[in-house]
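# Summary of structural features
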Amino acid sequence: MKNICAGVLAALTCIAAQAWGAEANELTARQSIRINAPPEAVWAVVGDYNGSPRWLPLVERSEIVIGNNNQVGAIRLITRRDGTKVTERLLDHNAQEMRMAYTYVDGAVMASDYFPVIGVVDAGDGTSIVEWSAHFKRLAYSIDPPPPGQDDKSMTDFYNGIYKTGLENLKRVVESER
């Protein structure tokens, strides 16, 4: 009888854990921009994992604290303009495909399960298309209703805003250097 109760309890625990996780909506943010420069010139700026302060207005400082720049596994410490800090790990850096992916490690994270990818593609006419996208969950996904500004729409709008502003500034930086 003890084994049956233990088995039922284990099954209920698994079901409850799955139900709890099911409440977390996976959100997506996606922005793209055409830049009047060849892909190699754009990648030279955006593909520098430690170079985000050069083009991303939100970032004041970036420092590689573990590993080497542009090597998978490298961890950077980002200091935002508002003084908050976050560490991020480089998950993929493919110079041939001009694509990079990273995630939050700790610090003042703004989302859960955050997996952004930024890439550059050749538009075929001497210009480039840069796309920056992410899949994530809001931090307060287990609270219903969520705190003000932490609902799905607010979080999606927040990241879309960062990406749009960042890509517009990237365009200015790259095109001014030509």
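Criteria and thresholds
Residues numbered from 1 in each chain as written. Predicted model: local features only at pLDDT ≥ 70, side-chain atom pairs only at ≥ 80, totals over all residues. Heavy atoms only, no water. Helix = DSSP H or I, 4+ residues; strand = E, 2+ residues; numbered from the N terminus. Buried < 20%, exposed > 50% of the residue type's maximum accessible area, 1.4 Å probe, protein only. Contact = heavy atoms within 4.5 Å. Areas by Shrake-Rupley, 256 points an atom, 1.4 Å probe, with all protein chains shown as cover. Phe/Tyr/Trp six-rings, centres within 6.5 Å; stacked < 30°, edge-to-face > 60°. Lys NZ or Arg CZ within 6 Å of the ring centre and 35° of its normal. Salt bridge = Lys/Arg side-chain N within 4 Å of Asp/Glu carboxyl O. Arc of directions from axis to C-beta. Core = buried A, V, L, I, M, F, W, Y, C linked by side-chain atoms within 4.5 Å. Pairing = 2+ DSSP bridges. Axes fitted to C-alpha atoms, helices over the stretch in contact; angles between N-to-C directions.

### Some points on the overall build of the protein chain
Looking only at helices and strands, one finds 3 helices and 7 strands in the protein chain. Secondary structure of the protein chain in N-to-C order comes out as α-β-α-β-β-β-β-β-β-α. Here the protein chain holds 178 residues, and 38% of them are scored as buried. Taking all contacts inside the protein chain whose residues are at least 6 apart in sequence as the whole, residues at least 24 apart take part in 50%. When the accessible surface of the protein chain is summed, it comes to about 9700 Å², and 55% of that surface belongs to carbon and sulfur atoms.

### A short note on the packing of aromatic side chains
Applying the stated criterion to the full structure yields 9 aromatic pairs. With a centroid separation of 4.1 Å and 20° between ring planes, the pair formed by W132 and Y163 is classed as stacked. Of this pair, W132 sits in strand β7 (residues 128-137) while Y163 sits in helix α3 (residues 152-176), and the two are 31 residues apart along the sequence. Y163 matches W132 in its accessibility class, with the two residues each being buried. Site record: aromatic cluster; members linked through ring pairs are W55, Y102, Y104, Y114, W132, F136, F158, Y159 and Y163. Geometry around Y102 places R76 over its ring, the cationic atom sitting 4.9 Å from the centre.

### Quick look at the pattern of salt bridges
Counted according to the given criterion, the structure contains 12 salt bridges. E177 serves as the salt-bridge partner of R54, at 2.6 Å between the closest nitrogen and oxygen. Linking R54 in the loop between α2 (39-46) and β2 (59-66) with E177 in the segment after α3, this pair joins segments that are 123 residues apart in sequence. Judged by its relative accessible area of 43%, R54 is partly exposed. Here the residues in one salt-bridge network are D92, E97 and R99, joined through shared partners.

### A short note on α2
Burial in α2 covers these residues: P39, V42, W43, V45 and V46. Considered in projection along α2, the buried side chains sweep an arc of 160° and stay on one side of the axis. Residues of α2 that are exposed and point over 90 degrees away from its buried face: E40 and A44. Buried residues belonging to α2 abut β1 (27-35), β4 (85-94), β5 (99-107), β6 (112-122), β7 and α3.

### So, the nonpolar core
Y159 and L170 are the most contacted members of the largest nonpolar core, which has 38 residues in total. It is α3 that contributes the most residues to this core, 8 residues altogether.

### Quick word on the environment of S32
Looking at where S32 falls in the secondary structure, it is placed in strand β1. A C-alpha to C-alpha distance of 6.7 Å links S32 and I129, two positions 97 residues apart in sequence. Excluding its chain neighbours within four sequence positions, the residues that come into contact with S32 are I129, V130, E131 and L167.

### Structural notes on the sheet that holds β1
The strand order β1-β7-β6-β5-β4-β3-β2 describes an open sheet built from 7 strands, whose pairing is antiparallel. Two strands bound the open sheet, and with one partner strand each, they are β1 and β2. Strand-to-strand twist in this sheet, taken as the mean axis angle between neighbours without regard to direction, amounts to 25°. Across 9 bridges, β6 lies against β7 in antiparallel orientation. Residue pairing across strands places P116 opposite A134, the latter belonging to β7. Strands in contact with α2 are β1, β4, β5, β6 and β7; relative to β6, the strand with the most contacts, it is inclined by about 150°.

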